[in-house]
Amino acid sequence: MKVNFFNETEENVKPYEKVIKGIFRDINLKKEFNLIFVDEEEIQRLNREFRHIDRVTDVISFANCDDPNNELELELGDIFICVKRAHEQAKEYGHSDIREFSFLAVHGYLHLCGFDHQTKEEEEIMFKKQDEILERAGILR
């Protein structure tokens, strides 16, 4: 699986890119997605414009189609990660920045694949899948 990275911030995100590439290297899906690192203003604008929630968030995903198995669609979509919010959450949760950026990338990826956490059942399935992917990549809490 190929991840295309774009950095719209001043921060050096190369260490996160390297780890995230490693996480998705072993996922056997002939698709790609874009991961865009953004600042608080941009993530808030996206959240306001597309979700009608006027506040900063950590990650937003936009899928290209409703069926991730659609062979005609080569790109799953876009994942936007707010760099500042990721750093804040890493501190809040008491784990490394690498772990937080990895978690957000996997969380966004699963949304692109059709997973959600609107109900307790959906949350259990999605969070179990997140944990499996992160554990397989050696990204532990």
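Predicted model, so just to flag it, every value in this text is computed and none were measured.

Draft legend 1. Main features of the pairing of strand E1 (residues 2–7). Examined bridge by bridge, E1 and strand E2 (residues 32–38) share 6 bridges and lie parallel to one another. Across the sheet, residue asparagine 4 finds its bridge partner in E2, namely asparagine 34. The parallel pair E1 and E2 is bridged by helix H1 (residues 14–25), and the resulting crossover is left-handed.

Draft legend 2. Representation of helix H5 (residues 120–136). With 17 residues, H5 ought to run about 24 Å at 1.5 Å a step, and its terminal C-alpha atoms sit 24 Å apart, in line with that. Looking at H5, one finds that the buried residues are Met126, Gln130, Ile133 and Leu134. The buried residues of H5 occupy an angular sector of 95 degrees when projected down its axis, which confines them to one face. In this structure, H5 carries Lys120, Glu121, Glu124, Ile125, Lys128, Glu135 and Arg136 as exposed residues pointing more than 90 degrees from its buried face. Elements in contact with the buried residues of H5: H1 and helix H4 (97–112). Just past H5, the residue glycine 138 takes up positive phi, approximately 80 degrees.

Draft legend 3. Representation of the sheet that holds strand E3 (residues 59–63). One open sheet holds the 4 strands; their spatial order is E1-E2-E4-E3, and the pairing between them is mixed. Two strands close off the open sheet at either side, each with one partner strand: E1 and E3. Looking at each pair of strands side by side, their axes are set apart by 20 degrees on average, direction ignored. Of the pairings in the sheet, the one linking E2 to strand E4 (residues 75–82) comprises 7 bridges and is parallel in character. Bridging across to E4, isoleucine 36 finds its partner in phenylalanine 80. This element, helix H2 (residues 40–51), spans E2, E3 and E4 of the sheet and lies at about 50 degrees to E3. Across the sheet, helix H3 (residues 83–93) touches E2 and E4, and the angle it forms with E4 is around 65 degrees.

Draft legend 4. Highlighting unusual backbone geometry. In this structure, histidine 52 takes a positive phi of about 60 degrees despite not being glycine. As for its position among the elements, histidine 52 is in the loop between H2 and E3. Given a relative accessible area of 69%, histidine 52 falls into the exposed group.

Draft legend 5. Representation of the side chain of glutamate 17 within the structure. Along the polypeptide, glutamate 17 turns up in helix H1. Ignoring anything within four residues of it in the chain, the contact list for glutamate 17 reads Phe5 and Phe37.

Draft legend 6. Structural context of the environment of arginine 136. Following the sequence through the fold, arginine 136 ends up in helix H5. The spacing of arginine 136 and isoleucine 23 is 113 residues in sequence and 8.1 Å in space, taken between C-alpha atoms.

Reading guide: rules and limits
- Residues numbered from 1 in each chain as written.
- Predicted model: local features only at pLDDT ≥ 70, side-chain atom pairs only at ≥ 80, totals over all residues.
- Heavy atoms only, no water.
- Pairing = 2+ DSSP bridges.
- Helix = DSSP H or I, 4+ residues; strand = E, 2+ residues; numbered from the N terminus.
- Right-handed = clockwise from strand over helix to strand, strands pointing away.
- Expected span 1.5 Å × (residues − 1).
- Buried < 20%, exposed > 50% of the residue type's maximum accessible area, 1.4 Å probe, protein only.
- Arc of directions from axis to C-beta.
- Contact = heavy atoms within 4.5 Å.
- Axes fitted to C-alpha atoms, helices over the stretch in contact; angles between N-to-C directions.

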